[in-house]
Amino acid sequence: MSWDSLIRPELEPMRPYQPGLRASQVRERSGVEHVLKLSSNEYPCGPVPAAVKAICDIATHTNRYPDGGSEALRDKLAAQLGVDRDTLVVGNGSNELLRLIGQVVLRPGDEVVYSWPSFVVYPMVADMFQAKKVVVPLGPGLVHDLDAMLAAVTAKTRLVFLCNPNNPTGTIYGWDAFARFLQRVPDHVLVVVDEAYFEFVTDPDYPDGLASFDGQRPLAVLRTFSKIYSLAGLRVGYGVMPLPLAEAVHKVREPFNINMAGQAAAYASLDDQVEVARRREENQEQKTYLYSCFDRLGIRYVESHTNFVWFETGRPVEVFEALLRHGVIARDFGNAPALRLGVGTPVDTKATIAAFEAIVSELGGI
Ligand SMILES: Cc1ncc(COP(=O)(O)O)c(C=O)c1O
């Protein structure tokens, strides 16, 4: 028996998604007891209290399958977002929705346009379905260059991924650029706007993708409960998409793709918008402390609209390792001359700043 003839050969060059280091791994490696995991853009505190209660309440009911269509959650989201419930699809994280959308639209040889650096799952989705990756570098200020992305669209383009705000740079494109893009993008192209960090943004020039959603044009908007709602471990994301696309995604998703605890916690979280606003504000404050530390230490960074900051370093490997020795897990990107650092609690920020100060004096600069 040959595995080569059994397994689809096009999977050969693909690599599994590499998550950042876990705190326990770093504790073992560096011996540092208090480790700050600032590598996966998670919110540093737990779920809102109502979500924790919902998770505990559901624990004794898990002998049953969950609601297969996430009906209650979709109803509540639809009311809050002001969209038709049938245009809403809930995914096992928005990650699952990225893949499912690829699965329903991509044929081998289709082209997928996305920016770079951006979310690592976009090239993975293209590879999974043998689509061609058309990579457009970020423009000045590490912002999506929507004009260049439009110029990269051909008759073969099936999908464009827009990551707004962009992971890993934390940058956004504005209303005008997005409106110009939408006016000109041909309608054989599905535009997927990935708004995983939507709730963190405070800039009025940030275009809410849903404001351009009319249920007709091929536009899907994805969001998640993994970030500001702190439910990354339960895997709940959602997408708003035109009805035909939503129906196609329902056909290929798993029958019970969202577990019971995830549905209940996400449902309960939506009621606590006061806490969401508080988190957004606290995140902004912590970023300003980080910026002032970076300014003081001469570290160049990109102002972020998210809960992470992209900072430049000529020696990313050394700085990454030095941060680990001080118990701070950042995220590295191969040879990129930069690292991504998550924003933590006020206590975390103080410890992070102390780590940077120590590293600058140890290494003589960053
Ligand atoms: C831009 C972007 N999109 C999607 C996701 C996936 O989030 P989820 O946990 O909802 O799958 C992430 C997670 O880091 C992300 O950064």
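Residues numbered from 1 in each chain as written. Predicted model: local features only at pLDDT ≥ 70, side-chain atom pairs only at ≥ 80, totals over all residues. Heavy atoms only, no water.

A.B. asks: Give a description of the packing of aromatic side chains that names residues and reports values.
C.D. replies: Applying the stated criterion across every chain, the model contains 17 aromatic pairs. Through a chain of ring-to-ring contacts, the aromatic side chains of Tyr114, Trp116, Phe119, Tyr122 and Phe161 assemble into a single cluster. Taking NZ or CZ as reference, Lys76 lies 3.6 Å from the ring centre of Tyr267, over its face. Sitting over the ring of Phe198, Arg223 keeps its end group 3.6 Å from the ring centre. (Phe/Tyr/Trp six-rings, centres within 6.5 Å; stacked < 30°, edge-to-face > 60°. Lys NZ or Arg CZ within 6 Å of the ring centre and 35° of its normal.)

A.B. asks: Which residues make up the pattern of salt bridges, and what are the values?
C.D. replies: This model, assessed by the stated rule, comprises 22 salt bridges. A salt bridge links Glu282 to Arg278, with the shortest nitrogen-to-oxygen separation between them at 3.0 Å. In this pair, Glu282 and Arg278 both sit in helix α11 (residues 273-297), four residues apart, roughly one turn of the helix. Under the relative-accessibility criterion, Arg278 is labelled partly exposed at 36%. In this structure, Arg296 engages Glu357 in a salt bridge whose closest nitrogen and oxygen atoms are separated by 2.7 Å. Here Arg296 is found in helix α11, whereas its partner Glu357 is found in helix α13 (residues 346-363), with 61 residues between them in sequence. Among the residues examined, Arg296 registers a relative accessible area of 53% and is labelled exposed. Connected through salt bridges with shared partners, the residues Glu71, Arg74, Asp75, Arg85 and Asp86 form a single ionic network. (Salt bridge = Lys/Arg side-chain N within 4 Å of Asp/Glu carboxyl O. Helix = DSSP H or I, 4+ residues; strand = E, 2+ residues; numbered from the N terminus. Buried < 20%, exposed > 50% of the residue type's maximum accessible area, 1.4 Å probe, protein only.)

A.B. asks: Describe the confidence of the model for the protein chain, naming the residues involved and giving the relevant values.
C.D. replies: With 100% of its residues at a pLDDT of 70 or more, the protein chain has an overall mean of 96. Per-residue pLDDT, averaged within each element of the protein chain, yields its smallest value for helix α2 (residues 23-30) (85) and its largest for strand β6 (residues 190-194) (99). (pLDDT = per-residue confidence, 0-100.)

A.B. asks: Go over the site of the ligand with me, naming the residues and quoting the values.
C.D. replies: Taken together, 13 residues lie around the ligand, and Ser94, Asp194, Tyr197, Thr224 and Ser226 are the ones closest in. Within the backbone of Asn95, one N or O atom sits 3.0 Å away from an oxygen atom of the ligand. One nitrogen or oxygen atom from the side chain of Lys227 is found 2.9 Å from an oxygen atom belonging to the ligand. Within the complex, the protein chains bury 94% of what would otherwise be the 400 Å² of accessible surface of the ligand. Spatially, the ligand is embedded in the largest pocket. Of the residues forming the shell around the ligand, the biggest block, three residues, is contributed by helix α5 (residues 93-105). (Near = heavy atom within 4 Å. Polar contact = N/O pair within 3.5 Å; in protein donor to acceptor, adjacent residues only side chain to side chain. Areas by Shrake-Rupley, 256 points an atom, 1.4 Å probe, with all protein chains shown as cover. 1 Å grid on protein atoms, 1.4 Å probe; cavity = no way out; pocket = protein on both sides within 12 Å on 5 of 7 lines; lining within 4 Å. Sits in = over half its atoms within 2 Å of the grid points.)

A.B. asks: Please provide a residue-by-residue account of unusual backbone geometry, values included.
C.D. replies: Omega for the peptide link from Asn164 to Pro165 comes to -5°, which places this bond in the cis form. The topology assignment puts Pro165 in the loop between β5 (157-163) and α8 (175-184). Look at Leu142: it is not a glycine, yet its phi comes out positive at around 60°. By the element assignment, Leu142 lies in the loop between β4 (132-137) and α7 (146-151). A positive phi is found at Arg235, a non-glycine position, where the angle reads about 60°.

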